Amino acid sequence: ENYSGIVFDLKVNRTISLLNKNQIQEYIGNLPDGIKFVGFQSENILTNTGTKTRDKQTGLLSIWILSMLNADDSTTIIIPLKKTDSLKNVKTLTDDYFGKVPSDRLKKNDGMVLFKADGNFRSKIGVSPAAALPIAGSYDSKNGVLTIAQFSLPEGASDYVNSLWKMQEDPFSGDAVNAYNDGPIDGKQMGKFYELESSSPAASLASGQQITHVHRTMHFKGSKEELNELALRLFGKGLAELSLK
């Protein structure tokens, strides 16, 4: 039941899969020799089992999935942005979910967003569907781990659930990709973790209709040279440019 008192009848099917080397290479290309890896994904299907079509007037649901990971002072979240002139007058980044993120924790330039993932300052950012790409990541420079998240991002979809914690003037102007860094609130903390989050579009589903959203997480551990090769291929930048000091 949503805030307006509308009851949703639905079914959710989730399939969790461990990825082998061939599958990972299908998604990101050949892996450097000697690199260690693990990958997994969830395929999530939301079906409207009610008798009514869901629309904006009564409310829409979306599928929201995240990679929740251990935070560290040496870890930086990486979110690439589309590079296009059409974004000049479009808001691409929301950086005030839990208050404005300080400038030393968030950098945006040259088609890339870098966000501190140390678990010491509660903050969240989001990238609009107009600017988002179906990939995000993080780099732990101390432990030599590059993490990649890939996810569904339907071309041309613009209606996403707005998850800002307030009454919404435009509830379907939300972000397609989010990142969260945990931190203490009133002396308490959920944990030293961060998240790479993805969402499906807001699902306007007729009775019996369904929407599918896939989110996969892949960790790579290796030498700086090996990880730098992956970073250049996936983000167009080397590790030195993908770390907040």
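One can find the structure itself at the top, above this paragraph.
Note that the coordinates shown come from a computational prediction; the quantities given were computed from them, not determined experimentally. (Residues numbered from 1 in each chain as written. Predicted model: local features only at pLDDT ≥ 70, side-chain atom pairs only at ≥ 80, totals over all residues. Heavy atoms only, no water.)

1. Details of the overall build of the protein chain
Along the protein chain, the regular secondary structure elements total two helices and 13 strands. The C-alpha atoms of the protein chain give a radius of gyration of 18 Å, which matches the 18 Å a tight globule of 245 residues would have. If one aligns the C-alpha atoms of the protein chain with their principal axes, the spans along those axes are about 55 × 40 × 40 Å. Here the protein chain holds 245 residues, and 49% of them are scored as buried. Long-range contacts, defined as pairs at least 24 residues apart, comprise 75% of the intrachain contacts of the protein chain with a sequence gap of at least 6. Between the mean site of the 28 positive side-chain charges and the mean site of the 28 negative ones, the protein chain shows a separation of 1 Å. (Helix = DSSP H or I, 4+ residues; strand = E, 2+ residues; numbered from the N terminus. Rg over C-alpha atoms; globule rule 2.2 N^0.38 Å. Buried < 20%, exposed > 50% of the residue type's maximum accessible area, 1.4 Å probe, protein only. Contact = heavy atoms within 4.5 Å. Lys, Arg positive; Asp, Glu negative; His and termini not counted. Charge placed at Lys NZ, Arg CZ, Asp CG, Glu CD.)

2. Thoughts on the pairing of strand β9 (residues 135-140)
Counting buried positions along β9 gives six out of six residues, so the element sits mostly inside the fold. Side chains Ile135, Gly137 and Tyr139 of β9 all project onto a buried face; the interleaved residues Ala136, Ser138 and Asp140 project onto the opposite face, where all are buried too. Sheet topology places strand β4 (residues 75-80) next to β9; four bridges connect them, and they run antiparallel. Residue pairing in the sheet places Ile77 in a bridge with Ser138 of β9. By the bridge criterion, six bridges tie β9 to strand β10 (residues 145-151) in an arrangement that is antiparallel. In the strand pairing of β10, Ala136 is matched with Ala149. (Pairing = 2+ DSSP bridges.)

3. Brief notes about the pattern of salt bridges
Within the structure shown, the criterion is met by eight salt bridges. The partner of Lys124 in a salt bridge is Glu197, and the shortest N-O contact between them spans 3.5 Å. Linking Lys124 in strand β8 (residues 123-127) with Glu197 in strand β12 (residues 193-199), this pair joins segments that are 73 residues apart in sequence. For Glu197, a relative accessible area of 2% translates into the label buried. Sharing partners across several salt bridges, the network here consists of Lys83, Asp110 and Lys237. (Salt bridge = Lys/Arg side-chain N within 4 Å of Asp/Glu carboxyl O.)

4. Details of unusual backbone geometry
Although it is not a glycine, Asp110 adopts a positive phi angle of roughly 50°. Note on placement: Asp110 falls in the loop between β6 (106-109) and β7 (112-116). Of note, the phi angle at Asp186 is positive, near 55°, even though the residue is not glycine. Within the fold, Asp186 resides in the loop between β11 (177-181) and β12. Look at Asp186 and you get exposed, because its relative accessible area is 77%.

5. Overview of the sheet that holds β10
Spatial ordering of the open sheet is given by β1-β2-β13-β10-β9-β4-β7-β6, a layout of eight strands whose pairing is antiparallel. The sheet is open, and its two borders are formed by β1 (10-19) and β6, each paired with just one other strand. With strand direction ignored, the average angle separating the axes of adjacent strands in the sheet is 15°. (Axes fitted to C-alpha atoms, helices over the stretch in contact; angles between N-to-C directions.)

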